[in-house]
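Descriptive structure summary
The residues making up each chain are set out below.
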Amino acid sequence: MQSTRGTNPVKYVKLLSKHKELCCTEIEEHLDFKGSTLSHHLKQLVDCGVLRLSRKEGTYHFYQLNQETLKRHVVIAED
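Here we summarise the structure given alongside this text. (Residues numbered from 1 in each chain as written. Predicted model: local features only at pLDDT ≥ 70, side-chain atom pairs only at ≥ 80, totals over all residues. Heavy atoms only, no water.)

Looking only at helices and strands, the chain has four helices and three strands in total. Ordering the α and β elements of the chain from the N terminus gives α-β-α-α-β-β-α. The 79 residues of the chain split such that 34% are buried. Expressed as a percentage of contacts within the chain between residues at least 6 apart in sequence, the contacts between residues at least 24 apart total 45%. If you sum the accessible surface of the chain, you get close to 5,400 Å²; carbon and sulfur atoms cover 51% of it. (Helix = DSSP H or I, 4+ residues; strand = E, 2+ residues; numbered from the N terminus. Buried < 20%, exposed > 50% of the residue type's maximum accessible area, 1.4 Å probe, protein only. Contact = heavy atoms within 4.5 Å. Areas by Shrake-Rupley, 256 points an atom, 1.4 Å probe, with all protein chains shown as cover.)

Printed below as a string of structure tokens:
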């Protein structure tokens, strides 16, 4: 995953697989990325289809795993 070079996207997937959805500040509490770095990673993971922006409440953005993308990749991996 070129867009998140230097990070481990699996950390985001594992974290969000344990929760229905999390906002940026909750993700920040669990991972060692802050502010603009975290925002950049989240945007890149949304752009490549791993995560989806589930809703906004004021300045809070809530993210979920993109289940459709994950299902496609699991099927491909099992073939």
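Inspection of helix 1 (residues 9-17) places Pro-9, Tyr-12, Leu-15 and Leu-16 among the buried residues, and these make up the whole buried set. Looking down the long axis of helix 1, one finds its buried residues gathered within 125° of arc, a one-sided arrangement. What points out from helix 1, more than 90 degrees from its buried face, is the exposed set Lys-14 and Ser-17. Lining the buried residues of helix 1 we find strand 1 (22-23), helix 2 (24-30), helix 3 (35-47), strand 2 (51-57) and strand 3 (60-65). (Arc of directions from axis to C-beta.)

This part covers the pairing of strand 3. On any regular strand, side chains alternate: one points to one face of the sheet, the next to the other face. As defined by bridge partners, strand 1 adjoins strand 3 across two bridges and the pair is classed as antiparallel. In the sheet register, Leu-22 faces strand 3, and the bridge partner there is Tyr-63. Two successive antiparallel strands, strand 2 and strand 3, enclose a turn made up of two residues, where Gly-58 displays a positive phi of approximately 60°. (Pairing = 2+ DSSP bridges.)

It is worth spelling out the side chain of Glu-21 at this point. Within the fold, Glu-21 resides in the loop between helix 1 and strand 1. Reaching out from Glu-21, the side chain makes a polar contact with the side chain of Ser-54 at a distance of 2.6 Å. Side chain to side chain, Glu-21 and Arg-55 meet in a polar contact 2.5 Å long. Setting aside residues no more than four positions away along its own chain, Glu-21 makes contact with Leu-16, Glu-26, Ser-54, Arg-55, Phe-62, Tyr-63 and Gln-64. (Polar contact = N/O pair within 3.5 Å; in protein donor to acceptor, adjacent residues only side chain to side chain.)

Moving on to the pairing of strand 2. By the bridge criterion, six bridges tie strand 2 to strand 3 in an arrangement that is antiparallel. Looking at strand 3, one finds that Leu-51 is bridged to Leu-65.

In short, shape yes, function no, at least from these values alone.
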